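# Topology and contacts: notes
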Amino acid sequence: MDTTTFHMLKSWAFEFLSSFVGHSGRGAAVQSAAAVVASYVVVARLYDAFFGPLSDVPGPLIHKLLDLPVTLPSERGSAWKYVASVHERYGPVVRIGRNVISVADKEMLKQILVKEDLPKSKLYKQGQRMTGRQTLFNTIELDFHKQRRRILSPAFSISYLNSLEPYIFQATESLVRKLRAEISVGTNERAVVDIWNLLQRLALDIIGETAFGRTFGMIENGSHPLPQKITESMRRRALIGQFPFLGLIPALTRQDPLFQKFVTNIIEDRVKSGIHRSDILQILIDAQYSKESDDRLDVKDIISETVLFLYAIPLTTRAPVSFVALSESLMSIEISPPLLHPSIAGSETTSNSTGFAIIYLLRHPDKLQTLIRELDTQLDIPVGDLLPSHDSLKHLPYLNAVINETMRLRPVSAMGLPREPAKDVMLGHYFVPRKTLVIANMRGVQINPDYWPNPTEFMPERFLEGAVPGPAMDAFYPFSAGSRNCIGKNFAWMEMRLILATLFKYFEFDLIPSEMPKADDLAQFVTLTIRANEFNVGVRVRKEAWEKVHGF
Ligand code: HEM
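Residues numbered from 1 in each chain as written. Predicted model: local features only at pLDDT ≥ 70, side-chain atom pairs only at ≥ 80, totals over all residues. Heavy atoms only, no water.

## Description of the overall build of the protein chain
If you tally the helices and strands in the protein chain, you get 24 helices and eleven strands. Accessible area of the protein chain: about 24100 Å², with a carbon and sulfur share of 56%. (Helix = DSSP H or I, 4+ residues; strand = E, 2+ residues; numbered from the N terminus. Areas by Shrake-Rupley, 256 points an atom, 1.4 Å probe, with all protein chains shown as cover.)

This is how it looks when you write it as structure tokens:
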């Protein structure tokens, strides 16, 4: 029936156009040829919209017919909201482009990420253009991914994480000192600090310490030439992505010599010193010299990649490419400004998640009190130490619940994760042809009222043991799942627990009313963030906690 209709429409278009040729001679023949092509396109699109394989996926008609950018230019960074509104109106599976579907159904999400383990979409290549190379995060080549994941996995294992703990501590301690110093020069023992920015700087110092054996000194000094250079280079590459002819200008494509120097120096210094520091750099150097290494990999190459993925991922694109790439197909008008947006170097996953948790807690004083009670009664910091050990934090139920609840409501990619089946696949009862862009909409699942009662309310209690109803863990994908899940999950957990517990143990924060509109104005250029990329809060020392720590 459907094919018949298509053929009827097609022959009608041809007949109509042939009558033109007959009447108007040669000039009209050219016009008619163009019209034939146009009608063919129109008919094919109509056919595709109403009878094609994705025709039974609900969604606005316009997206079935045209590949339109899904947002207005005035709403830059808000495409995720638009897609959410389409889900609200049409249900958990929607069509948002001729060849694009977004899925917020938990069974189907599991199928996409785990059972079928669909490959990352080729749109991740956009990320390769930004960093100038393939990395663990942005590769879509299975062999490359397998090899890099094998090399890097030991560095992110739970056991190795213990050896990274002192370095994460060192950086976090510098934040505590910084806040203490700010307060001492503030008025009435209170300072106003941009907590969003401080968390971003801390995340970068943690990467410097754990990965390369040196701090970037961001908390201390506020900037460092390397991150700055990488950001500049990424912006240039993003621009070339937009306007490929710019790639002909060598100055725009060249990797900054500072970057090469940094990579060469950290390797040479480490090898020459003979020191075996238990960090990510050491894992990479050891992998290079190990007997089993038949990969003939250039350690410099992998470390360059790692610098880029650790820096670029945390700072500009930890889950970014998913969005940036997606932007390319869905939101072409949205892509260039965000990539050139100065705040891009500040967007990143752990610091954003920690920042969102702080804001949620300050907005819910009762939940904050519960957390503080837990920290005061259950956290044992040995005399003489400033920071709690990760061991003492990892089983604190309310702290963990706060982090989970924050990641449920504020996932790193509110837009979702783009996947692309290499062959035709059945997702639920939908037939999805190969090469369809399938977006695993993790936020959609995480706030789906079928799985989460009061879905948009901040209720950490739902993650506590014995909660009724319990959390729908099969509808919770903050770190994704399957072969492309987050390699840094344990690392991120350690970082977030330590920072939140330390901050609320020693400091008392207060909200500044004029800052509140910023908390609700979210954008996803890369990862989900506060559009303003800053959030000021008042901060005081909690004297009774502080006085217990000696020598600080
Ligand atoms: C709250 C913190 C974090 C969250 C919520 C998070 C979430 C995610 C998600 C959802 C993905 C899948 C992205 C996709 O499919 O496009 C991912 C992948 C990845 N993440 Fe994270 N992440 C976090 C922290 C980190 C950290 C700290 C690191 C490294 C130090 C890291 C490194 C990576 C890498 C390398 C991948 C790609 C893995 C692969 O493709 O094999 N992430 N992350």
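## Some words on the confidence of the model for the protein chain
Here the protein chain averages 81 in pLDDT, and 78% of its residues register 70 or above. Low pLDDT (under 50) marks residues 312-347, which in the prediction has 130 contacts with non-local residues, meaning those over four places away or in another chain. (pLDDT = per-residue confidence, 0-100. Contact = heavy atoms within 4.5 Å.)

## With respect to the sheet that holds strand β1 (residues 93-97)
The four strands lie next to each other as β1-β2-β7-β4, forming an open sheet whose pairing is mixed. With partners counted over all chains shown, the strands left at the sheet margins are β1 and β4 (417-419), one partner each. Each adjacent strand pair in this sheet contributes to an overall mean axis angle of 30°, direction not counted. Here β1 runs beside strand β2 (residues 100-103); their pairing, made up of four bridges, is antiparallel. (Pairing = 2+ DSSP bridges. Axes fitted to C-alpha atoms, helices over the stretch in contact; angles between N-to-C directions.)

## Digging into the UniProt feature "binding site: heme" (unreviewed entry) in the protein chain
Under the feature "binding site: heme" (unreviewed entry), the UniProt entry names Cys486. Residue placement: Cys486 occurs in the loop between α21 (442-446) and α22 (489-506). The class of Cys486 is partly exposed, set by a relative accessible area of 34%. Not counting residues within four places of it along the chain, the set of residues in contact with Cys486 comprises Arg149 and Phe479. (UniProt positions renumbered as here; feature names shortened; annotations may be inferred. Buried < 20%, exposed > 50% of the residue type's maximum accessible area, 1.4 Å probe, protein only.)

## Quick notes on the packing of helix α20 (residues 397-409) against α22
One way to put it is that α20 packs onto α22 with a least axis distance of 10 Å and a crossing angle of 115°. The element α20 and its partner α22 pack so that their crossing is right-handed. Of the residues in α22, those in contact with Leu399, Asn400, Ile403, Asn404 and Met407 of α20 are Trp493, Met496, Arg497, Leu500 and Ala501. Class assignment for the residues of the contact of α20 with α22 results in seven nonpolar, two polar and one charged. (Left-handed = near helix turned anticlockwise from the far one by under 90°. Nonpolar A, V, L, I, M, F, W, Y, C, P; charged D, E, K, R; others polar.)

## A closer look at a nonpolar patch on the surface
Taken together, the side chains of Val42, Leu46, Phe50 and Leu61 make up a nonpolar region of the molecular surface, amounting to roughly 350 Å² of accessible area. If you trace the backbone, Val42 turns up in helix α1 (residues 2-51). With a relative accessible area of 49%, Val42 lands in the partly exposed category. (Patch = residues over 30% accessible without salt bridge, like charges linked within 9 Å, V, L, I, M, F, W, Y side chains within 5 Å. Salt bridge = Lys/Arg side-chain N within 4 Å of Asp/Glu carboxyl O.)

## Structural notes on the nonpolar core
Leu179, Leu503, Phe504, Phe507, Phe509 and Phe535 are the most contacted members of the largest nonpolar core, which totals 107 residues. It is α22 that contributes the most residues to this core, twelve residues altogether. Here Leu503 is in contact with Leu175, Leu179, Ile195, Leu199, Ile358 and Phe509, once residues within four sequence places are set aside. In terms of nonpolar packing, the next biggest core, distinct from the first, is built from 32 residues, Val103, Val425, Trp452 and Phe463 among them. (Core = buried A, V, L, I, M, F, W, Y, C linked by side-chain atoms within 4.5 Å.)

## A short note on the environment of Ile499
Its location among the elements puts Ile499 in helix α22. With relative accessibility at 4%, the residue Ile499 sits in the buried group. Put simply, Ile499 and Val176 are 323 residues apart on the chain and 9.5 Å apart in space, counted from C-alpha to C-alpha. Contacts of Ile499, omitting those with residues within four sequence positions, involve Thr172, Leu199, Leu202, Ile206 and Thr354.

## Describing the site of the ligand
Looking at the ligand, there are 29 residues lining it, with Tyr124, His145, Arg149, Arg419 and Cys486 nearest. Between Arg419 and the ligand, the recorded distance is 2.7 Å, taken from a side-chain N or O atom to an oxygen atom. Within the side chain of Arg484, a nitrogen or oxygen atom sits 2.8 Å from an oxygen atom of the ligand. Breaking the shell around the ligand down by element, the ones donating at least two residues are α6 (142-152), α14 (299-317), α17 (349-363), β4 and α22. Tallied by class, residues from the shell around the ligand come to 16 nonpolar, eight polar and five charged. (Near = heavy atom within 4 Å. Polar contact = N/O pair within 3.5 Å; in protein donor to acceptor, adjacent residues only side chain to side chain.)

## Re the pattern of salt bridges
Scanning the entire structure with this criterion turns up 24 salt bridges. Taking the shortest distance from any N to any O, the salt bridge between Asp376 and Lys505 comes out at 3.5 Å. With a gap of 129 residues between them, Asp376 in helix α18 (residues 365-378) and Lys505 in helix α22 connect regions that are remote in the sequence. Judged by relative accessible area, Asp376 falls into the partly exposed class, the value being 36%.

## Things to note about the packing of aromatic side chains
Enumeration over the complete set of coordinates arrives at twelve aromatic pairs. Each ring, one from Trp452 and one from Phe476, has its centre 6.1 Å from the other, and the planes form 65°; the classification is edge-to-face. Of this pair, Trp452 sits in the loop between α21 and α22 while Phe476 sits in the loop between α21 and α22, and the two are 24 residues apart along the sequence. One exposure class covers both Trp452 and Phe476, and it is buried. Taken together, a centroid distance of 6.1 Å and an interplanar angle of 45° make the contact between Phe507 and Trp546 tilted. With a gap of 39 residues between them, Phe507 in strand β8 (residues 507-511) and Trp546 in helix α24 (residues 543-547) connect regions that are remote in the sequence. Across the pair, Trp546 and Phe507 agree in class, each one buried. Here the aromatic cluster, defined as three or more aromatic residues joined through ring pairs, consists of Phe504, Tyr506, Phe507, Phe509 and Trp546. Lying across the ring of Trp452, Arg408 places its NZ or CZ 5.1 Å from the centre. One cation-aromatic arrangement involves Arg410 over Phe356; the distance from NZ or CZ to the ring centre is 5.4 Å. (Phe/Tyr/Trp six-rings, centres within 6.5 Å; stacked < 30°, edge-to-face > 60°. Lys NZ or Arg CZ within 6 Å of the ring centre and 35° of its normal.)

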